[in-house]
Amino acid sequence: MKSKKGRLLTIIAWALIALMLMVGCSTDDTSSTTQNGEASSDNNEQGEKKKVGVLIADFSDQFQVYMMDGMKEEAEKYPDIEFSFQDAKYDANTQMSQMENMVAEGVDAVIVMPVDVQAAVPMIDKAAGANIPIISVNRKLLNQEKAVTYVGSDSVESGRILMSHMAELLDGKGNIAILEGTQGHEPQINRQKGIEEVLEEYPDIKVVADQSADWYRDKAMTVAESWFQSTLDIDAIVAHNDEMAIGALLAAKDAGKAGDILIAGIDATPEALDYVEKGELAFTVFQDAKGQGRGAIDAAVKVLNGEPVEKEIIIPYELVTKDKVAEYRAKYE
Amino acid sequence: MPNSQKSSSNALKKKTIDSQSFQMFFVLIGMCVIMTILYPPFIRMANLINVIRQISITAIIGMGVTMCIITTGIDLSSGSVVALAGVVAASFGKGDYPLILPIILALIAGAACGFINGSLSAYGKIPPFIATLGMMSIARGAALIYSDGRPITGLSDAFNFIGGGYILGIPMPVIIMIIVGIIMYVLLNHTKFGKYVYAIGGNQRAAVASGINVKKYLVIIYTLASVLAALAGIILAARLNAGQPTAGVSYELDAIASSVIGGTSLTGGIGTIPGVIIGALIIGVLTNGLVLLGVSPYIQTILKGVIIIAAVLIDALRRNRG
């Protein structure tokens, strides 16, 4: 038998679900109108409106947030095209279902930043099989030949820029420690490859420590703190991204070694630029998040209009030293 | 068997505390000895302080989670509450706001999450596992919305002092952990509230029958647990000089692991504050030691799992014997 209180709670629970659904739907509307611009108010011929699915690996990742900023800015220029952004929450399986939905819906093109290039193979096959043009962004697909184009940067190059500038700062000799990204992620593999390529040219630079901190600032801080407590003699730390470089910097400051150790990362996030300006991070390497985002939207629009698109659109990495901080900070505004 | 030497009202409980925490304490000491033999610099004061500071966040969350586990519940939302409190604190941790404002607002945000957890579990009769699992997702989403998915930076030096400062050579997070530990110890061992927490965990029906307002206390317990998680979030944001909506992922699991390694029983009624701190230290020494030795992070993960299982196994074997 249900008590009065129980029944009341049931009603409240249903009301909450209904409310959330309404809120969810209405936010969906607003987000697609902002993407569509003003045109959506007078679109009676919705059937003619082209739709592009944008599959993003993780909305909560810093870099991807800026990349989407670039995408949304560019998308506003094309009010006749609807761009539907999907968050895979860093789960390859979720992304697979999103791609299946896109295929079922019959979208006109798909922009995809794969969660995992290996796991993405079957879903790309599926979309290509349904003749949906695919634009990969930031991470090159294993079956890239099935896609129209790849918009992104060369991760190996970023590792090379990072390590060669650090080697110059060290005059070609010294002990370095490396903070790696999550093992198996495409940028981790290729940034490390770039670093190792450069290290071969510098026999007097020794890698005395090498750990993964999973791209996270707090984990990098924990790892670096332990390094500083060890007997290791570290002259420089190179990190696969700025978040980990900042973590190492905070640990170095704490250990009173901030001035003695050169630390650098990749991405040129706004916060990293601040630290480079203060001279606390030696330098960073700019990966043009917004540029990649804009490039992907541009490529999708060209595909829809039947214009030719290059097989690869490479947005170069750039070295950011103290004197260039202002120039790069402007890119985020 | 009650220990006649103890004059406490609850001798049986005290005895279990002693034996469990004690065993784990010796495991901890043993690990430290082994580490020192393998790598002598491990035992340096600076490194030990470093380890204690690293575990302070986990331990603070763990103390709250332990309370939930003692009542046969669980709190899976702590990691997300850490992130939510972190971004709320960070947004008021810059500019000219007085330092108390970010702290109070972040703790209120945490309390709200915990109040909902507790109410859903106690009055909605939703298993805490599910209620807090839902909150794990909701609080993370709230943190992302609040911060627009971006880290909140540019925090004041005064705010960053909470995570990075020292008083008399002791890091602030450690000082906060010790204060919280003492308060929680007194609360659980020397107050009516503490007695009720153990009573609810020991036998919920008996607790109801003896006139304890179990529902009310469950709400208080979950609220307190989330307040502690929020406090950990403030410390983390101050330590990282940024409120990050993605911070604290899987911190709840580390907190639960610390609690379990420290002798908290998932069947309820058993668990102590010193136990959680010892549990957190065991994980901390392991992580620190393996990094110092340059052991692969994959093996670290496996060892952590082995220790958790071993701790629960010891607990189960002891129960069967007794």
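Because the structure is a prediction, the values reported are computed rather than measured.

Colleague: An account of the overall build of chain B is needed here, citing residue identities and associated values.
Modeller: Along chain B, the regular secondary structure elements total 13 helices and 2 strands. Taking 2.2 N^0.38 as the reference for a compact globule, 322 residues should give roughly 20 Å; the C-alpha atoms of chain B span a radius of gyration of 20 Å, in line with that estimate. In terms of its C-alpha atoms, chain B occupies a principal-axis envelope of roughly 60 × 55 × 35 Å. A fraction of 79% describes how many contacts in chain B between residues 6 or more apart in sequence connect residues 24 or more apart. When the accessible surface of chain B is totalled, it reaches about 13,800 Å², and 72% of it is carbon and sulfur. In chain B, which carries 20 positive and 8 negative side-chain charges, the distance between the mean positions of the two groups comes to 13 Å.

Colleague: So what about a nonpolar patch on the surface? Which residues, and what values?
Modeller: All names here are of chain A. On the surface, Leu 8, Leu 9, Ile 12, Leu 16, Leu 19 and Met 20 cluster together into a nonpolar patch covering about 550 Å² of accessible area. One can find Ile 12 in helix H1 (residues 4–36). A residue is classified by how much of its surface remains accessible, and Ile 12, at 41% relative accessible area, is partly exposed.

Colleague: Which residues make up the side chain of Asn241(B), and what are the values?
Modeller: For Asn241(B), the position within the fold is in the loop between helix H10 (214–240) and helix H11 (251–261). We classify Asn241(B) as buried; its relative accessible area is 15%. For Asn241(B), the side chain forms a polar contact with the side chain of Asn160(B), separated by 3.5 Å. With residues near it in sequence (within four places) discarded, Asn241(B) still touches Arg217(A), Leu250(A), Glu271(A), Tyr275(A), Thr153(B), Leu155(B) and Asn160(B).

Colleague: So what about the pairing of strand S6 (residues 174–180) of chain A? Which residues, and what values?
Modeller: Walk down a regular strand and you will see the side chains alternate between the two sheet faces. All names here are of chain A. Of all 7 residues in S6, 7 are buried; the element is thus mostly enclosed. Side chains Gly 174, Ile 176, Ile 178 and Glu 180 project from S6 onto one buried face, and the interleaved Asn 175, Ala 177 and Leu 179 project onto a second face that is buried too. As paired strands, S6 and strand S7 (residues 205–212) are joined by 7 bridges and run parallel to one another. Note that in S7 the partner of Ala 177 across the bridge is Ala 209. Read as a crossover between parallel neighbours, the route from S6 over helix H6 (residues 186–200) to S7 is right-handed. In the sheet, S6 pairs with strand S8 (residues 236–239) via 4 bridges, with the strands oriented parallel. Along S8, the bridge assignment pairs Leu 179 with Ala 239.

Colleague: Explain the pattern of salt bridges residue by residue, including any values.
Modeller: Residues and elements named next belong to chain A. The full count for this structure, using the stated rule, is 21 salt bridges over all chains. Notably, a salt bridge pairs Glu 197 with Arg 160, separated by 2.8 Å at the nearest N-O pair. Of this pair, Glu 197 sits in helix H6 while Arg 160 sits in helix H5 (residues 155–169), placing them 37 residues apart in sequence. The exposure class assigned to Glu 197 is partly exposed, which follows from its relative accessible area of 31%. What makes Arg 160 partly exposed here is its relative accessible area of 33%. Put simply, Glu 271 and Arg 217 hold a salt bridge, and the shortest N to O gap is 2.5 Å. Separated by 54 residues along the polypeptide, Glu 271 in helix H9 (residues 270–277) and Arg 217 in helix H7 (residues 217–229) bring together distant segments of the chain.

Colleague: So what about the pairing of strand S5 (residues 149–152) of chain A? Which residues, and what values?
Modeller: Residue and element names in this part refer to chain A. Every second residue of S5 is oriented toward a common face, with Thr 149 and Val 151 on one face and Tyr 150 and Gly 152 on the other, all of them buried. The pairing of strand S4 (residues 134–137) with S5 spans 3 bridges and is parallel. Directly across from Ser 136, in S5, lies its bridge partner Tyr 150. Relative to strand S11 (residues 312–314), S5 runs parallel, the two sharing 3 bridges. Bridged to Gly 152 within S11 is Ile 314.

Colleague: Talk me through the sheet that holds strand S1 (residues 50–56) of chain A; I want residue IDs and the actual numbers.
Modeller: Strand pairing in a sheet relies on backbone hydrogen bonds. The paired strands run either parallel or antiparallel. Residues and elements named next belong to chain A. Strand order across the open sheet formed by 6 strands is S2-S1-S3-S4-S5-S11, with parallel pairing between neighbours. Here the strands that pair on one side only, and so sit at the sheet edges, are strand S2 (81–87) and S11. For this sheet, the mean angle separating the axes of adjacent strands, direction not counted, is 15°. The pairing of strand S3 (residues 109–112) with S4 spans 3 bridges and is parallel. The residue of S4 that forms the bridge with Val 110 is Ile 134. Here helix H3 (residues 92–105) sits on the sheet in contact with S1, S2 and S3, set at roughly 175° to S1.

Colleague: Outline the packing of helix H6 (residues 157–164) of chain B against H10(B), listing residues and values.
Modeller: Residues and elements named next belong to chain B. Two elements in contact, H6 and H10, have axes whose closest approach is 7 Å; the angle formed by their N-to-C orientations is 110°. Judged by the angle between their axes, H6 and H10 are roughly perpendicular. Judged by residue contacts, Phe 159, Asn 160, Ile 162 and Gly 163 of H6 engage Ile 234, Ile 235, Ala 237, Ala 238 and Arg 239 from H10. Split by residue class, the contact of H6 with H10 holds 6 nonpolar, 2 polar and 1 charged.

Reading guide: rules and limits
All residue numbers refer to position in the chain's written sequence, counted from 1. Chain letters start at A and ligand numbers start at 1, both assigned in the order the entries are written. A pLDDT threshold of at least 70 governs which residues receive local features in this predicted model, and a stricter bar of 80 or more applies before side-chain atom pairs are shown or counted, although totals over entire chains, interfaces and linings include all residues. Excluded from the side-chain calculation are hydrogens and water; included are all heavy atoms of the structure. Strands are runs of DSSP state E lasting at least 2 residues, helices are runs of H or I lasting at least 4, and numbering of each runs from the N terminus. A radius of gyration in this sense is built from C-alpha atoms; the matching globule rule multiplies 2.2 Å by the number of residues raised to 0.38. Working rule for contacts: check all heavy atoms of both residues, and any pair within 4.5 Å makes them a contact. Only the protein chains shown count as covering a residue, and every accessible area follows the Shrake-Rupley method with a 1.4 Å probe. In this charge count, Lys and Arg are treated as positive and Asp and Glu as negative; neither His nor the chain ends contribute. Throughout, a charge is located at the NZ atom of Lys, the CZ atom of Arg, the CG atom of Asp or the CD atom of Glu. Only residues whose relative accessible area exceeds 30% and that form no salt bridge enter a patch; like-charged residues are grouped when within 9 Å of one another, and nonpolar side chains (Val, Leu, Ile, Met, Phe, Trp, Tyr) when within 5 Å. Salt bridges are counted wherever a side-chain nitrogen of Lys or Arg sits within 4 Å of a carboxyl oxygen of Asp or Glu. A simple rule labels every residue: compare its accessible area, found with a 1.4 Å probe on the protein chains alone, to the largest value its type can have, and call it buried under 20%, exposed over 50%, or partly exposed in between. Pairs of N or O atoms within 3.5 Å make up the polar contacts considered here, provided that, within protein, one atom can donate a hydrogen while the other can accept it, and that residues adjacent in sequence are counted only when both atoms are side-chain atoms. Only when DSSP finds a minimum of two bridges between them are two strands counted as paired. The handedness of a crossover follows from its direction of travel: if, with the strands pointing away from the viewer, the path from the first strand over the helix to the second runs clockwise, the crossover is right-handed. For helices, the fitted axis covers only the stretch in contact; all axes are lines through C-alpha atoms, and the angles between them, taken along N-to-C directions, range from 0 to 180 degrees. Angles are sorted into four bins: roughly parallel if under 35 degrees, roughly antiparallel if over 145, roughly perpendicular if 65 to 115, and oblique for all others. Under this grouping Gly is polar, as are all residues other than the nonpolar Ala, Val, Leu, Ile, Met, Phe, Trp, Tyr, Cys and Pro and the charged Asp, Glu, Lys and Arg.

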